[in-house]
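Coordinate analysis (summary)
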Amino acid sequence: MMKLTRRYFLQGIGASAVLGTLTGLAPTKALAMNSYGANTSLLAKRAGTIKYSSCLRNCADRCLMKFSVQNGRMTYVRGADEQYKTGSCPCVKGLTYVEYTYAPDRILHPMVRVGEKGSHKWRRITWEEAWDILIKKTNEVIEQYGSEAILPYSYSGNYGAIGMRGADRFFNRIGSSILDRLVCTEAGVWGYGSVQGTTDGPDPETIPNCDCYVSWGFNETVSNVHGIKLINEARDKGAKVLAVNPNRTPISSQADIYLQPKPSTDAWVATGVMKYLIAHDMIDHDFLKNCCIGADQAIAKVNSVDWKDIERVTGLTQKQIEEFADVYGRAERIIIRAGYGMQRNYNGARMTRAIAIMQAMRGMFDKPSCGIIYDNVRPITGMNLNLGRGNYLRKGKQQHVNMTDLDMALKAENPTKENRPIKPIHLLVIYNGNPVAVSPNVNAVIENLKRKDLFVVGFDMIMTDSLEYCDLILPASTQFETDDIIGDYHSWYVQICEKVIEPVGESKPNWDFFAEWGRRMGFKDQAFRDTPKDIIRQFLQTETPWYQGITLERLEKEKFIHLDMPESVPVRSGGKAETESGKIELYSNIMKKAGFDPVIDLTLCEEEMPEEEKNLPFRLLSPGIPQRVNSSFYNVKYIRAYNAYECEVNPEDAKRLGIKSGDKVRLNNQRGEAFFVARVTTRVAPGVVRTAKCNWRSTNPYGQNTNTNSLTTGKLTDMGGCSAYHSTRVNLSKA
């Protein structure tokens, strides 16, 4: 009898359409044509012209999808199963793209505010009227305050090469303030970079060949559901799965060993693992000698830490950590999938540095199926960003504004960026983003948006919470209504984004809008006459080795291309790491200059919290959830059925406070309050609560005009200027 393995079972199977557990997968081919009771209406929607477009959400999957188009209308979406990475089925969010595109609340024409900001009062106007208002206001602001008084606000609502950053051409040319888009990964960039010189790691498609997969602070079901099949394949070959996360994820539940430490104590966990490795001679002495600097200092630092302190700080026992370390120490090919949420803490860079040092102790770099996958950005940075984004158009030096700093940067008086004075902003342009959902300390941000001397332009496809505070609202097209390309930040691919349909209503694609704005401002540069396909060719006009031979025409034919990139940390094979020394740096001058321990810094977040917060009883986690991508999809009917306003509470805390699942609860601290529905679960440990990140205020059924970011800290991480959402403490009570 044939042995039934996960690998055999999963052949021809796509990733989960709903949750993405290790076994909940969907079949490759629909056989409804041959079945009784086939849905003929649904089958009819699958017919028509096929267009290929990549999902441009901020997700590591970067699915390639096939859209059916009939009579100019999108009718059906499925995965492009010729690409194994994607398989036949998008996630639950991708499956709603037809409804997303034709949502009843799409903004289809320009509008101008006629009431107070936030009063929900608008008047429809023509595009010509909108242009008159916008051009007049742009010139007024420049004449009165200078071009630095203009600030773009955008991030990952559209992740296309053009859709995300094509607008840079306009803001570079006009000389606006520069938005530092540091909200997501930057603490980890500095932390991992201080050790290995890069955030780039191995090709995820080599995961099936590792014998130990470590999910550290990552939730695959949220940010990489299609990658779960690669973990399954590794397990079929005997690989062990380890997980570290203060919030128990589906992968954590199914791991061979799962550690649930207290939030932001990861450097202590990694130190405990290293103590065991050193004590049992499981470190790679040759690698440490030949490929690293500072090994002796790192070993001495680890040995100086007492197990009793590790247990007290992490909430884990020595036995738990040693069981984890023993499996980790015996493995020969280890890939760590490092999450982004963990480094969104005051000590984010220092924690990620400790994890990289731990991986170096085992010598897990520059070997097949080894390394740390954090932010594989070379498919993006390998493009010609200077030409594609029009960086050459910017003249002189303009001030920078950190997008996580809006609570301070948009103040009318004495605005600051990372505690340094900046010039006031008087024209804010919001696109590809929703700061009222995404920004920390959002109550302060809203007060700033209400300023009478701040003109706010909103360019979006739906009425987000942020657009409620805009003076002028302009209709944006979706990503499917223009041409684009995308480089992955997880797998090693560049992919096509074909124009699927014409723009709906009076909406304009991102580039069309900003190019026309530039032309109406009198800019004569060729950059503002380029078409999307012109710009794609410019992005691909690069000397980067792995982009040689890749053209728009080839992408139009092949749809996706795997990039042949070299090892990112080639310290074994005669190359150099991108560090100061050219080696793996277990002792870092970068950290020393920043005022931290140059080896492993074990400072905790509570030490840096305000006095009125550090003694509050609960640590707040606010990670992503599988049914949303940051603040996207909140308006989609079928997605709204998945609750984004739960507060997870441990049973011990719930019993003490008289809270049951389904009760309305209140979280509060010195920044504000927010209301949720309780879910009593061991997914969080005692003393920890969890809500979803970036939820909308206007759709919260338990407390309208409150959301998670009413509570979160606006203080930035230790390095990189990243958000520190998870370094937040709150009170919890039954509402």
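Scroll up for the structure.
First things first, this report covers the structure right here in the doc. Along each chain, residues carry numbers from 1 onward, in the same order as the chain's sequence is written. The model is predicted, so local features are restricted to residues of pLDDT at least 70 and side-chain atom pairs to those at 80 or more, both for listing and for counting; the totals for chains, interfaces and linings are taken over all residues. As a convention, hydrogens and water are excluded, and side-chain values are obtained from all of the structure's heavy atoms.

Only protein chains enter the accessibility calculation, which uses a 1.4 Å probe; a residue whose area is less than 20% of its type maximum is buried, one above 50% is exposed, and one in between is partly exposed. Here a helix means four or more residues in a row that DSSP labels H or I, a strand means two or more in a row labelled E, and each is numbered from the N terminus. Counting buried residues along strand β4 (residues 64-70), six of its seven residues qualify, which places the element largely inside the surrounding structure. Here the rule is simple: two strands pair whenever DSSP picks up at least two bridges between them. Relative to β4, strand β3 (residues 49-54) runs antiparallel, the two being bridged by six bridges. Of the residues in β4, the one forming a bridge with S54 is L64. Where β4 meets strand β5 (residues 73-79), six bridges bridge the pair, whose relative direction is antiparallel. Note on β5: the bridge partner recorded for V69 is M74. Here β4 folds back onto β5, and the loop between the two strands holds two residues, one of which, N71, carries a positive phi near 55°.

Another aspect to go through is the environment of H120. Tracing the backbone through its elements, the reader meets H120 in the loop between β6 (111-113) and β7 (122-124). Looking at H120, the relative accessible area reads 54%, which means it is exposed. Taking C-alpha positions, H120 is 53 Å from C370, a pair spaced 250 residues apart along the chain. Looking at H120, its side chain comes within polar contact range of the side chain of E468, at 2.6 Å. Polar contacts, as used here, are pairs of N or O atoms within 3.5 Å; protein pairs need one atom able to donate a hydrogen and one able to accept it. Residues neighboring in sequence count only if both atoms are side-chain atoms.

Taken in spatial order, the six strands of this open sheet run β7-β6-β21-β20-β19-β8, and their pairing is mixed. Only two strands of the sheet have a single partner each, and these edge strands are β7 and β8 (150-153). Across the sheet, the mean angle from the axis of one strand to that of its neighbour is 20°, orientation sign disregarded. Pairing geometry for β6 and strand β21 (residues 472-475), over two bridges, is antiparallel. Within β21, the residue paired with V112 across the bridge is L472. Any two residues whose heavy atoms approach within 4.5 Å are treated as being in contact. All axes here are fitted lines through C-alpha atoms, helices being fitted over the stretch that makes contact, and every angle between N-to-C directions spans 0 to 180 degrees. Across the sheet, helix α4 (residues 127-145) is in contact with β6, β7, β8, β19 (427-431), β20 (455-460) and β21; its angle to β21 comes to roughly 130°.

A few words on the side chain of D460. Relative to the helices and strands, D460 is located in strand β20. By the counting scheme adopted, Arg and Lys are positive, Glu and Asp are negative, and His together with the chain ends is not counted. Just to be clear on terms, a salt bridge is a Lys or Arg side-chain nitrogen sitting within 4 Å of an Asp or Glu carboxyl oxygen. An unpaired buried charge is present at D460: no salt bridge exists, and R106, the closest side chain of opposite charge, is 8.3 Å distant. Aside from chain neighbours lying at most four places away, what touches D460 is I107, G433, L467, L474, P475 and A476.

Turning our attention to the pattern of salt bridges. Summed over all chains, the structure comprises 47 salt bridges. Between D200 and R378 there is a salt bridge whose closest N-O contact spans 3.6 Å. Taken together, the residues span a long stretch of sequence, with D200 in the loop between α7 (186-196) and β10 (212-216) and R378 in helix α17 (residues 378-381) at a distance of 178 residues. Overall, D200 belongs to the buried group, its relative accessible area being 5%. The salt bridge partner of R656 is D653, with a shortest N-O separation of 3.1 Å. In this pair, R656 and D653 are both assigned in helix α28 (residues 651-657), three residues apart and thus about one turn of the helix distant.

The N-to-C vectors of helix α11 (residues 266-279) and helix α16 (residues 348-361) enclose an angle of 20°; their axes lie 8 Å apart at closest approach. What the angle tells us is that α11 and α16 run roughly parallel. Considering how the two elements wind past one another, α11 and α16 form a crossing that is left-handed. Facing D266, A267, A270, V273, M274 and I278 of α11, the residues of α16 in contact are R350, M351, A354, I355, I357, M358 and M361. Every angle not falling under 35 degrees, over 145, or within 65 to 115 is termed oblique; those three ranges are roughly parallel, roughly antiparallel and roughly perpendicular. For any helix crossing, the convention is left-handed if the near helix is rotated counterclockwise from the far helix by under a right angle, and right-handed if that rotation is clockwise.

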